[in-house]
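# Residue-level structural notes
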Amino acid sequence: MYTAHPDRYADLPYRRTGRSGLKLPALSLGLWHNFGPDRPAATQRAILRRAFDLGVTHFDLANNYGPPPGAAETALGEALRADLAPYRDELVISTKAGYLMWPGPYGEWGSRKYLLSSLDQSLHRMGLEYVDIFYSHRFDPDTPLEETMGALHTAVQQGKALYVGVSNYSAEQTREAARILGELGTPLLIHQPRYSMLDRRPEDEGLLDALDELQVGSIAYSPLEQGLLTGRYLDGIPEDSRAASDSPFLNSEAVTGELVGRLRALDEIARSRGQSLAQLALAWVLRGGRVTSALVGASSPRQLEDSVAAARNLDFDADELARIDAIVRPEPAPE
């Protein structure tokens, strides 16, 4: 019988999500990878237990996480029943809908029919009465945003979600979503963008500025760039790595000699701070408090522990930030 660690709230900082009353841990556990029938169930349960013992109270999912789609939610449901059910009120569990889940015109995107049907299926897989956060996973260019946001509002009104969010929306799409939800009386809680030292689009395209203006929280996914911002690629491409398998999320062509050189330079900065490269990358995303939480995946409890340790040093001086920018965003050579 699992008993949670009594000091689980002692070390990891929690940050208020926008202007809501909800606080999230600085590091949250994403179940995008590593949770499904291709991984040992005992390892999955051990990761979830260790996460909670470390104060990682937020587990982030989507209907299509696996493989196969739905498998991650099923795995979480099994772990909840086996270990974490007594702690449900201490957990923040989120899921999303937007990508393909079943055949036909009602199996993806942002229609009311798809979103609410998907949420019902997600709750069934996890064995839950409600999720804490329900997201529209991507903007649907063919469905009125009023319909998509209205479906999120309905999920809250039905008691199947406590809060709502969006993911992969542009700054302007986010502003409009927030306006519609505000008029309905269900505030937009959070946005989940892709953001890392190597992917600065939320800065460059004004999304972080929009979230600041709207007082909406943010949680960054892929802060380690699918493993690039770890120590795995400092000497090229390991045979058992994601890039070696030519995953749809990271392929071998992306790991160029130039990139490896930049990763090594970043690793030197990390070492000077007493951090691993992964810890540096996570701390960088969380710097200054603009991002509420960073999502990390884990294939083992040990890997999760390394990620959570990043929260011990989230401060950067101006010189460190300038050196990082010079590495990841070098000035173009004069012609």
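First, a word on what this report is: a plain description of the structure on this page. Remember, it's a predicted structure, so these values are computed and weren't measured experimentally. (Residues numbered from 1 in each chain as written. Predicted model: local features only at pLDDT ≥ 70, side-chain atom pairs only at ≥ 80, totals over all residues. Heavy atoms only, no water.)

## Structural notes on the overall build of the protein
Looking only at helices and strands, one finds 11 helices and 10 strands in the protein. The C-alpha radius of gyration of the protein comes to 20 Å, within 12% of the 20 Å expected for a compact globule of 335 residues. Along the first, second and third principal axes, the C-alpha set of the protein runs to 55 × 55 × 40 Å. Across the 335 residues in the protein, those meeting the buried criterion constitute 55%. In the protein, the share of contacts with a sequence separation of at least 24, taken over all contacts with a separation of at least 6, comes to 75%. Surface exposure of the protein reaches about 14900 Å², of which carbon and sulfur atoms provide 49%. Averaging the locations of the 34 positively and 46 negatively charged side chains of the protein gives two centres separated by 4 Å. (Helix = DSSP H or I, 4+ residues; strand = E, 2+ residues; numbered from the N terminus. Rg over C-alpha atoms; globule rule 2.2 N^0.38 Å. Buried < 20%, exposed > 50% of the residue type's maximum accessible area, 1.4 Å probe, protein only. Contact = heavy atoms within 4.5 Å. Areas by Shrake-Rupley, 256 points an atom, 1.4 Å probe, with all protein chains shown as cover. Lys, Arg positive; Asp, Glu negative; His and termini not counted. Charge placed at Lys NZ, Arg CZ, Asp CG, Glu CD.)

## Here we look at the packing of aromatic side chains
Summed over the entire model, instances satisfying the criterion amount to eight aromatic pairs. An angle of 25° between the planes, with centres 6.2 Å apart, marks the rings of tryptophan 32 and tyrosine 65 as stacked. Of this pair, tryptophan 32 sits in the loop between β3 (27-30) and α1 (41-53) while tyrosine 65 is found in the loop between β4 (58-60) and α2 (71-84), placing the two residues 33 residues apart along the sequence. Ring plane angle 50° and centroid distance 5.4 Å describe the contact between tryptophan 102 and tyrosine 114, whose orientation is recorded as tilted. Separated by 12 residues along the polypeptide, tryptophan 102 in the loop between β5 (92-97) and α3 (112-126) and tyrosine 114 in helix α3 bring together distant segments of the chain. (Phe/Tyr/Trp six-rings, centres within 6.5 Å; stacked < 30°, edge-to-face > 60°.)

## Details of the side chain of aspartate 267
Residue placement: aspartate 267 occurs in helix α8 (residues 257-272). Take aspartate 267: its relative accessible area is 10%, and that puts it in the buried class.

## Brief notes about α2
In this model, α2 (14 residues) spans 18 Å end to end at C-alpha, consistent with the 20 Å of a helix rising 1.5 Å per residue. Here α2 lies mainly inside the structure; 10 of its 14 residues are buried. Those residues of α2 not exposed but buried are Ala71, Ala72, Glu73, Ala75, Leu76, Gly77, Ala79, Leu80, Asp83 and Leu84. In the core, the buried residues of α2 are packed alongside α1, β4, β5 and α3. (Expected span 1.5 Å × (residues − 1).)

## Looking at the sheet that holds strand β10 (residues 293-296)
Strand order around the closed barrel formed by eight strands is β3-β4-β5-β6-β7-β8-β9-β10, with parallel pairing between neighbours. The average angle at which neighbouring strand axes cross in this sheet is 30°, direction not considered. Pairing between strand β9 (residues 217-220) and β10: two bridges, direction parallel. Across the sheet, the residue bridging to isoleucine 219 is serine 293, located in β10. Along the sheet, helix α5 (residues 171-184) contacts β7 (161-167) and β8 (188-192); its crossing angle with β8, the most-contacted strand, is approximately 160°. (Pairing = 2+ DSSP bridges. Axes fitted to C-alpha atoms, helices over the stretch in contact; angles between N-to-C directions.)

Limitation: the analysis is restricted to geometry and does not speak to function.
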